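Structural overview
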Amino acid sequence: MDTEEKNTTKYPVHTLEKSLEIIEAMKEAPAGGIRIVDISKKLNIGKSTIHRILSTLAAYGYVEKCSEGRKYRLGWKLFEIGSLIPRQRNLNNIDMIILEELSDKCEATVNLGIRINDKVAIIAKVDPQKIPFKAGPYLGEQEPLHATALGKILISELDDDKIKSIFKSPELVKYTNNTIDSLRKLRDVLARVREQGYAVDQEELCEGISCIAMPIRNYEQNIVAALSVSGPSFRFNFNKIAEIKQDQQNACVEISRFFGAH
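The structure reproduced in this document is the subject of the present report.

Conventions adopted
Residues numbered from 1 in each chain as written. Predicted model: local features only at pLDDT ≥ 70, side-chain atom pairs only at ≥ 80, totals over all residues. Heavy atoms only, no water. 1 Å grid on protein atoms, 1.4 Å probe; cavity = no way out; pocket = protein on both sides within 12 Å on 5 of 7 lines; lining within 4 Å. Points joined across faces, edges and corners; volume = space filled by probe spheres on them. Helix = DSSP H or I, 4+ residues; strand = E, 2+ residues; numbered from the N terminus. Nonpolar A, V, L, I, M, F, W, Y, C, P; charged D, E, K, R; others polar. Buried < 20%, exposed > 50% of the residue type's maximum accessible area, 1.4 Å probe, protein only. Expected span 1.5 Å × (residues − 1). Arc of directions from axis to C-beta. Contact = heavy atoms within 4.5 Å.

Overview of the layout of surface pockets
Think of a ball as big as a water molecule: rolled over the atoms, this probe shows where empty space is left. Looking at the second largest pocket, its volume works out to about 330 Å³. Lining the second largest pocket are 16 residues, and of these Pro215, Arg217, Gln249, Cys252 and Val253 lie nearest its centre. At the level of secondary structure, the elements contributing two or more residues to the lining of the second largest pocket comprise strand 8 (209–217) and helix 11 (238–258). With 7 residues, the top contributor of residues to the lining of the second largest pocket is helix 11. Across the lining of the second largest pocket, the residue classes tally to 6 nonpolar, 7 polar and 3 charged.

Focus on unusual backbone geometry
Notably, asparagine 117 is not glycine yet its phi reads approximately 55 degrees, a positive angle. Along the chain, asparagine 117 turns up in the loop between strand 4 (109–116) and strand 5 (119–126). At glutamate 203, a residue that is not glycine, the phi angle is positive and equals roughly 55 degrees. With respect to the element layout, glutamate 203 can be found in the loop between strand 7 (199–202) and strand 8. Glutamate 203 sits in the partly exposed class, given a relative accessible area of 23%.

Concerning helix 2 (residues 14–25)
Taking 1.5 Å per residue as the helical rise, helix 2 with its 12 residues ought to reach 16 Å, and the 16 Å between its terminal C-alpha atoms agrees with that figure. Of all the positions in helix 2, only Glu17, Ser19, Ile22, Ile23 and Ala25 are classed as buried.

Points about helix 4 (residues 47–59)
Over its 13 residues, helix 4 extends 18 Å from the first C-alpha to the last, a length consistent with the 18 Å expected when each residue adds 1.5 Å. Regarding helix 4, the residues found buried are Ile50, Ile53, Leu54 and Leu57. Take helix 4 and look down its axis: the buried residues cluster within an arc of 100 degrees, on one side only. The exposed residues of helix 4 that point more than 90 degrees off its buried face are Arg52 and Ala59. Tucked inside the fold, the buried residues of helix 4 contact helix 2, helix 3 (36–43), strand 2 (63–65) and strand 3 (71–74). Remark: glycine 61 follows helix 4 within two positions and exhibits a positive phi of approximately 85 degrees.

This is how it looks when you write it as structure tokens:
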């Protein structure tokens, strides 16, 4: 659960909070599962409380006991429910053919992303069919806003107070030598993004991977998502980006029309 959201909950249900914290703690568990004692140490919650909660979650299929007997892992029920989310989000009702055609033209990976708090979440992804290279991230993965082209687009039109509330610190996490590492530098970059209408990621999150992103707008002309084209940096030189831009812009205009933009 997002810390800011949790702290502002008016009527928290503590058992439910503990249950969600346990599920969160299990996200990074190895394939063989995680022990109650390890969850207890991580969350500072009593082992007996964790055992009762896990037993209840297991009864509903949200977690399951591993064959080893002393470890637990996430259950398929979570996947079943999670897979329903795209069907309930209008952004996921877009015509995927638009993304597929763009990917084929550019021979690159195409991602559609939205902002969730201080991250960009990938809600649609198409890999190129003609070449074996597949550029991350995975579908559903969340990445930092300041180190991705998608993220820069999604925050490019936010006011300064909102930017400060998202990042909270003037120093930003560095992932590579090219990562923007301060709010001051980020503001300068966002000004250029607003002026040129697109953002780039030149090995700022992953070495060897570059990306260009553009906005998706709704009927109020607000940015509701971003569309990126990414691939190996050796292919994404100035000429390649210039070649991609027009096709990418056409795709963004077509998707934006779906949300009433004109």
